[in-house]
Amino acid sequence: MKKLICVIVIIILAIMTGCSGGAGTAGPGESKPQAAVPIKTLKLATLQAENVDTMNVYVKNFEKNNPGYTVEITAIPGVAAFNAAMASKLAAGDPPDIMTYQWGTQIQLYAKGGHLMDLSNKGFEDKIKPIKKKLNVYEGKTYAFPSQQDFFGIFMSMDVAKKYGVTEIPKTLSEFLAACETMQKNGLAAPIVIPAKDGSGATQFNFGYLHQVISGKNPDFYKETLDGTRKWNGQEFQDLFRDYGKLLKYANKDLLGLDPDGAFKRFAKEEAAFYFGGSYNIISIRTLNPNLNFVMAPTPWVEDAKDNVAISDYNNAISISSKTKYPEAALAFLNEMFTVESGNLLAKNVSTISSVKGTMTSFDKSLDNVIPILDKGNYVGFSEREWIPGIKEIMKKATQDWMSGVDLKTVLDRMEMEHQRLLNATPEFKKEFMEMREKSK
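Please read these numbers as outputs of a predicted model, since none were measured by experiment.

A. Layout of the overall build of the protein chain. Helix and strand counts for the protein chain come out as 18 helices and 12 strands. Each of the three principal axes of the protein chain carries a C-alpha extent, and together these read 95 × 55 × 40 Å. Relative to its full complement of 441 residues, the protein chain shows a buried share of 50%. Sequence separation of at least 24 residues holds for 77% of the intrachain contacts in the protein chain that already meet a minimum separation of 6. Carbon and sulfur atoms make up 54% of the accessible area of the protein chain, which amounts to about 20,700 Å² in all.

B. Quick look at the pairing of strand E2 (residues 69-75). Examined bridge by bridge, strand E1 (residues 40-46) and E2 share seven bridges and lie parallel to one another. Residue pairing for E2: Thr46 is matched across the bridge by Ala75. Read as a crossover between parallel neighbours, the route from E1 over helix H2 (residues 52-65) to E2 is right-handed.

C. Seen up close, the packing of helix H6 (residues 173-185) against helix H10 (residues 235-248). Interaxial distance between H6 and H10 falls to 10 Å at its minimum, and their mutual angle equals 20 degrees. Judged by the inter-axis angle, H6 sits roughly parallel to H10. Judged by the sense of rotation from one axis to the other, the crossing of H6 with H10 is left-handed. In this structure, H6 uses Leu173, Phe176 and Leu177 to contact H10, whose residues at the interface are Asp243, Lys246 and Leu247. Here the residues of the contact of H6 with H10 are counted per class, giving four nonpolar, no polar and two charged.

D. Quick look at unusual backbone geometry. At Asn121, a residue that is not glycine, the phi angle is positive and equals roughly 55 degrees. Locating Asn121 in the fold gives a position in the loop between helix H4 (106-112) and strand E4 (137-138). Even without being glycine, Glu139 reaches a positive phi, approximately 50 degrees. With respect to the element layout, Glu139 can be found in the loop between E4 and strand E5 (141-142).

E. Structural context of the sheet that holds strand E3 (residues 98-101). Taken in spatial order, the four strands line up as E2-E1-E3-E10 in an open sheet, and their pairing is mixed. At either end of the open sheet lies a strand with only one pairing partner, and these are E2 and strand E10 (317-320). Neighbouring strand axes in the sheet, compared pairwise and without regard to direction, differ in orientation by 20 degrees on average. The strands that H2 touches are E1, E2 and E3; relative to E2, the one it contacts most, it runs at about 170 degrees. Running over the sheet, helix H13 (residues 327-337) touches E1, E2, E3 and E10 and is turned about 160 degrees from E10.

F. Expanded view of the nonpolar core. The biggest cluster of nonpolar side chains holds 71 residues, and the ones touching the most others in it are Ile98, Tyr101, Phe333 and Leu367. For this core, the element with the most residues is H13, which contributes six residues. Ignoring sequence-local partners within four residues, the contact set of Ile98 consists of Leu42, Lys43, Leu44, Ala45, Ile318, Ser319, Ile320, Ala330, Phe333 and Leu334.

G. Broad picture of the environment of Lys141. Position of Lys141 relative to the elements: it lies in strand E5. On the accessibility criterion, Lys141 (40% relative accessible area) is partly exposed. Along the sequence, Lys141 and Ser120 sit 21 residues apart, while their C-alpha atoms lie 5.9 Å from each other. Non-local contacts of Lys141, meaning those with residues more than four positions away in its chain, are made with Asp118, Ser120 and Asn136.

H. Structural context of the pattern of salt bridges. Enumeration over the complete set of coordinates arrives at 20 salt bridges. For Lys249, the salt bridge identified is with Glu181, shortest N-O distance 3.4 Å. Taken together, the residues Lys249 in the loop between H10 and helix H11 (260-268) and Glu181 in helix H6 connect sequence positions 68 residues apart. Classification of Lys249 as partly exposed rests on a relative accessible area of 45%. A network of salt bridges, in which partner residues are shared, links Asp239, Arg242, Asp243 and Lys246.

Reading guide: rules and limits
Residues numbered from 1 in each chain as written. Predicted model: local features only at pLDDT ≥ 70, side-chain atom pairs only at ≥ 80, totals over all residues. Heavy atoms only, no water. Helix = DSSP H or I, 4+ residues; strand = E, 2+ residues; numbered from the N terminus. Buried < 20%, exposed > 50% of the residue type's maximum accessible area, 1.4 Å probe, protein only. Contact = heavy atoms within 4.5 Å. Areas by Shrake-Rupley, 256 points an atom, 1.4 Å probe, with all protein chains shown as cover. Pairing = 2+ DSSP bridges. Right-handed = clockwise from strand over helix to strand, strands pointing away. Axes fitted to C-alpha atoms, helices over the stretch in contact; angles between N-to-C directions. Parallel < 35°, antiparallel > 145°, perpendicular 65-115°, else oblique. Left-handed = near helix turned anticlockwise from the far one by under 90°. Nonpolar A, V, L, I, M, F, W, Y, C, P; charged D, E, K, R; others polar. Core = buried A, V, L, I, M, F, W, Y, C linked by side-chain atoms within 4.5 Å. Salt bridge = Lys/Arg side-chain N within 4 Å of Asp/Glu carboxyl O.

Given below as structure tokens:
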């Protein structure tokens, strides 16, 4: 009974307090309490769902240093899906305050449309490693910066290679083929694992060859395919598939039935010596076998070792909307993303190479031989970042057709025809490409 009386008294006191003005009303001689500061929300859209957990750490640090603000993160995975979502938001006049998307000519297209804040001379240049291919520049102004960098090359299992008679990392195509021949003769039926069931897995060699050999030697190669000087069924692509064909003798016979996860498992279980891929694949392999003794090295698709440059490019572009209501807060959040601590955290959490100066040089020991090459700037970028949308998918299908037995001439003629179809369907692309090339100088 005493407990019941106490509860009733508490309820009566609460009612009386509410009737006398509530918590927000001060009595005689009392000061009024401060009203709660409304939270202002920055909206951030990202292509990289794998980065969200790390970004949430950035958000906590940002909120601590910028009371009254928070950041709402939305992940939209997939380049095509992200670009489509942004196109819709931009058309509706409701863009995110900050966006992280794929590094490429899309930056310049957004800048051309007036959608991005000019980030020139705001201190970011001092925080980021030197940018070689300035796709973030339009008419002399800078509109995006990257936070992470990828390396593309070959994975080589050193213990498997040694077991089957190879101790040196190949630097040329001839050396690579000789290494595979030695391993095969010593009992390893398939030194190379290729997951061609997936279009990206089927074309890992193609893109490595394009970046290193074709565009690496001639940065204007794609420009020349637009003005008719080069063709997608020309000598360069004939050479590409000729050299790819030499490798298939040493690859798994079920390549058209194997997906990337299956390839990672075989490599991790030491059933193959070579896999073609990017630094973004390291975490998948380490998850399967943390102690695997492997290295990453530049693709050896050249005939002269002096041409054996690395392949590397930025994984993302980070921009601020020109329409943001909170420009200073948005800049403060970008500054949080580009601290050494943030760069190290991202490198550790998602197995990437940070673009921030002063960050850890390697997140995995397999990259120890590669990082010095990248630090010296001895690399070429991902050439397809400038290509017309859709052509990559055409190459993937063409490569799978070729692997299934379609003759090379038919495959290459289709690629050329499909490239022309895309250009005809998007007549403004060629004009914009030439303009962007000029505006990025």
